[in-house]
Amino acid sequence: MKHLFSKFSFHKMDEMEIEITLKAKSYAQLFTMLSLFLWAVYEIIRTVLQEDYQGTWVPWMILLISLCIESLSKQILQNSAIADDEEYETTRKQQLSVFRITRILMAMAALLVAVGIIVLWNR
């Protein structure tokens, strides 16, 4: 199996390759988020200007779900990384409070999207 991986140039990445890959992924995610946001704003403008156009809520849902997944996974991974370290006890408590605030904001955003969908659906 190792021979097959080496034949296709699969190998364990070093620190520089990991950093380059993470930067490339963050740029790609930024482009995706910006594109989804612009698409969603375009749909809102189109819905407002055209009376018979119903609009779509797909870009908002994809945008909100990806932001929720990113923030939750980041906070969970940070929490698990410093879980047993006494040096970061105050940082951990601050992160837990930020985690609670983030969950509340996500719930409010989901409620706002749900209300928007209902309003657009009934138009």
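Our structure is the block above this text.
Presented here is an overview of the structure given in this document. (Residues numbered from 1 in each chain as written. Predicted model: local features only at pLDDT ≥ 70, side-chain atom pairs only at ≥ 80, totals over all residues. Heavy atoms only, no water.)

1. Examining the overall build of the protein chain
Our working rule: Helix and strand definitions follow DSSP, with helices as H or I runs of at least four residues and strands as E runs of at least two, each counted in order from the N terminus. Burial classes follow relative accessibility: with a 1.4 Å probe on protein chains only, a residue under 20% of its type's maximum area counts as buried, one over 50% as exposed, and anything between as partly exposed. Contacts are residue-level and defined by heavy atoms, with any inter-residue pair within 4.5 Å sufficient. All accessible areas in this document rest on Shrake-Rupley with a 1.4 Å probe, and a residue is counted as covered only by the protein chains that are shown.
Scanning the protein chain from N- to C-terminus turns up four helices and zero strands. Ordered by position from the N terminus, the helices and strands of the protein chain form the series α-α-α-α. Here the protein chain holds 123 residues, and 13% of them are scored as buried. Sequence-distant contacts in the protein chain: of pairs separated by 6 or more residues, those separated by 24 or more amount to 48%. By element, 69% of the accessible surface of the protein chain is carried by carbon and sulfur atoms, the whole surface being about 10,300 Å².

2. A word on helix α2 (residues 15-49)
The α-helix advances 3.6 residues per turn, and as a result positions three or four apart in sequence lie on the same side. In plain terms, the rule: Multiplying 1.5 Å by the helix residue count minus one yields the expected span of that helix.
Relative to the 51 Å expected for 35 residues at 1.5 Å per residue, α2 spans 51 Å between its end C-alpha atoms, a close match to the ideal helical length. Burial in α2 covers these residues: Met33, Leu36, Ala40, Glu43 and Thr47.

3. Some thoughts on the side chain of Thr47
Tracing the sequence through the fold places Thr47 in helix α2. Residue class for Thr47 comes out buried when judged on its relative accessible area of 4%.

4. Some words on the environment of Gln29
Mapping Gln29 onto the fold places it in helix α2. Separated by 37 residues in the primary sequence, Gln29 and Ser66 place their C-alpha atoms 9.5 Å from one another.

5. What about helix α3 (residues 58-81)?
Under the 1.5 Å per step criterion, the end-to-end length of α3 is 34 Å for 24 residues, consistent within 8% with the ideal 34 Å. Among the residues of α3, those classed as buried are Pro59, Leu63, Gln75 and Asn79.

6. Overview of the pattern of salt bridges
Our working rule: By definition here, a salt bridge exists when the distance from a side-chain nitrogen of Lys or Arg to a carboxyl oxygen of Asp or Glu is within 4 Å.
By the definition in use, this model includes one salt bridge. For Lys23, the salt bridge goes to Glu19, with nearest N and O atoms at 3.7 Å. A residue pair is termed a helical-turn pair when its members lie 3 or 4 positions apart in one helix, as Lys23 and Glu19 do in helix α2 at four residues. Residue Lys23 is classed as partly exposed on the basis of its relative accessible area, which comes to 45%.

7. A word on a nonpolar patch on the surface
Quick note on the threshold: Nonpolar side chains (Val, Leu, Ile, Met, Phe, Trp, Tyr) are joined into patches within 5 Å and like charges within 9 Å, using only residues with over 30% relative accessible area and no salt bridge.
Taken together, the side chains of Trp39, Tyr42, Trp57, Val58, Ile62 and Trp121 define a hydrophobic patch exposed on the protein surface, amounting to about 660 Å² of accessible area. Elements with a contribution of two residues or more to the nonpolar patch: α2 and α3. Here Ile62 is to be found in helix α3.

8. Comments concerning the packing of α2 against α3
Stated precisely, the cut-off is as follows: To define axes, lines are fitted to C-alpha atoms, for helices over the stretch in contact only, and angles between the resulting N-to-C directions are given on a 0 to 180 degree scale. Take the far helix as your reference; a near helix turned counterclockwise from it by less than a right angle gives a left-handed crossing, and one turned clockwise gives a right-handed crossing. Three residue categories are used. Nonpolar comprises Ala, Val, Leu, Ile, Met, Phe, Trp, Tyr, Cys and Pro, charged comprises Asp, Glu, Lys and Arg, and polar comprises the others, including Gly.
At a closest axis distance of 8 Å, the pairing of α2 and α3 adopts a crossing angle of 145 degrees. Crossing geometry of α2 relative to α3 is assigned as left-handed. Contacts between α2 and α3 involve Gln29, Met33, Leu36, Phe37, Trp39, Ala40, Val41 and Ile44 from the former and Val58, Pro59, Trp60, Ile62, Leu63, Ser66, Leu67 and Glu70 from the latter. Per-class residue counts for the contact of α2 with α3 are 13 nonpolar, two polar and one charged.

9. Quick word on the side chain of Glu43
Selection criterion: Positive charges come from Lys and Arg alone, negative charges from Asp and Glu alone, with His and the N- and C-terminal ends not counted.
Its location among the elements puts Glu43 in helix α2. Although Glu43 lies buried, it forms no salt bridge, and the closest oppositely charged side chain, Arg46, sits 4.4 Å away as judged by the N-O distance. In contact with Glu43, not counting residues within four places along its chain, are Tyr53, Gly55 and Thr56.

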